Amino acid sequence: IVKNQKIKKELTLIDSNNQKRVLEFMLSSFEIDNTIEYIAIALDVTSKKEGEHKLKQAYKVFENAHDGIIITDANANIINVNKAFERNTGYFLVDVKGKNPKLLKSDIQDVDFYKNMWKEINLSSYWEGEIINKRKDGKLYVERLKISAVYNEEKKVINYIALFSDITLQKEQQKLIKENENILYQQSKMAAMGEMIGNIAH
């Protein structure tokens, strides 16, 4: 290293407890009375690096989750959505950022439904239920929705997180099974009546 030069490196070391530590190491040189002097500074950034790693992991989970995820601010305005949200609703982040999730409303649920939902969230910080919403193309879909409030250290709401699964196909299958069960029930009733009439005729 020559005079008036700085070298900055990130070093990974093993400490006396055999734990991995990450150091930000900086070596600076300067000249005093025709002599080059050096200053070395090492800063332990292990916790910072671990925090960054956890954030990256959390973001990967958020982006690749099968369920749709909406993150809003304390006023319920959308901050972020994941890919599953975009796939299920047809809306991209650019379409919904800063907007209220009510843009998905189908108007099938009445005002009381939403009043009760928010009452529950405000009381217990959580709500779970089924709701019919509307995609960007106008098609309706059924979702299983979970909403959680997120608080800061002062116990103030800073975010709401909503997770939803599209259960439209499941609901259609249940309806079909029920219809088939009703048909079978009616057929068995008719068969029993036919048998009874046949016995009377004999």
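Owing to the predicted nature of the structure, the values given are computational and were not obtained by experimental measurement.

Colleague: Which parts of the structure should I look at to understand helix H1 (residues 46-64)?
Modeller: Side chains that are three or four residues apart share a direction in an α-helix, a result of its 3.6 residues per turn. Taking 1.5 Å per residue, 19 residues should reach 27 Å; H1 reaches 27 Å between its end C-alpha atoms and fits that length. Looking at H1, one finds that the buried residues are Thr46, Phe62 and Glu63. Of the surrounding elements, those touching the buried residues of H1 are strand S2 (20-32), strand S3 (35-44), strand S4 (68-73), strand S5 (78-81) and helix H2 (83-89).

Colleague: Sorry if this is basic, but what is going on with the layout of surface pockets here?
Modeller: The rolling of a water-molecule-sized probe over the atoms marks out the regions of remaining empty space. One number sums up the size of the largest pocket: a volume of about 410 Å³. For the largest pocket, the lining is made up of 20 residues, of which Asn100, Pro101, Lys102, Met117 and Trp118 are closest to its centre. Put simply, the parts of the chain that give the lining of the largest pocket at least two residues each are S4, helix H4 (111-124), strand S6 (126-134), strand S7 (140-151) and strand S8 (157-166). Sort the elements by how many residues they give to the lining of the largest pocket and S8 lands first, with four residues. Looking at side-chain class alone, the lining of the largest pocket contains 14 nonpolar, three polar and three charged residues.

Colleague: Would you take a moment to explain the pairing of S3 for this structure?
Modeller: Remember that side chains alternate between the two faces of the sheet whenever the strand is regular. Pairing of S2 with S3 involves 10 bridges; the strand directions are antiparallel. Bridging from a neighbouring strand, Ser28 pairs with Ile39 of S3. The antiparallel pairing of S2 with S3 creates a hairpin that spans two residues between the two strands, and Asp33 there sits at a positive phi of about 50°.

Colleague: Would you take a moment to explain the packing of aromatic side chains for this structure?
Modeller: By convention here, two paired aromatic rings are described through the distance between centres and the angle between planes. What the rule picks out here adds up to five aromatic pairs. Both rings, one in Phe113 and one in Tyr114, keep their centres 5.3 Å apart while their planes meet at 85°; by these two values the pair is edge-to-face. Relative accessible area serves as the criterion here: at 23%, Phe113 is assigned to the partly exposed category. Accessibility expressed as a relative area gives 15% for Tyr114, which makes it buried. Taken together, the ring pairs connect Phe85, Tyr141 and Phe164 into an aromatic cluster. A cation over an aromatic ring shows up here: Lys105 above the ring of Tyr114, its NZ or CZ 5.0 Å from the ring centre.

Parameters and conventions
Residues numbered from 1 in each chain as written. Predicted model: local features only at pLDDT ≥ 70, side-chain atom pairs only at ≥ 80, totals over all residues. Heavy atoms only, no water. Helix = DSSP H or I, 4+ residues; strand = E, 2+ residues; numbered from the N terminus. Expected span 1.5 Å × (residues − 1). Buried < 20%, exposed > 50% of the residue type's maximum accessible area, 1.4 Å probe, protein only. Contact = heavy atoms within 4.5 Å. 1 Å grid on protein atoms, 1.4 Å probe; cavity = no way out; pocket = protein on both sides within 12 Å on 5 of 7 lines; lining within 4 Å. Points joined across faces, edges and corners; volume = space filled by probe spheres on them. Nonpolar A, V, L, I, M, F, W, Y, C, P; charged D, E, K, R; others polar. Pairing = 2+ DSSP bridges. Phe/Tyr/Trp six-rings, centres within 6.5 Å; stacked < 30°, edge-to-face > 60°. Lys NZ or Arg CZ within 6 Å of the ring centre and 35° of its normal.

Any functional reading would require information beyond the geometric quantities listed.
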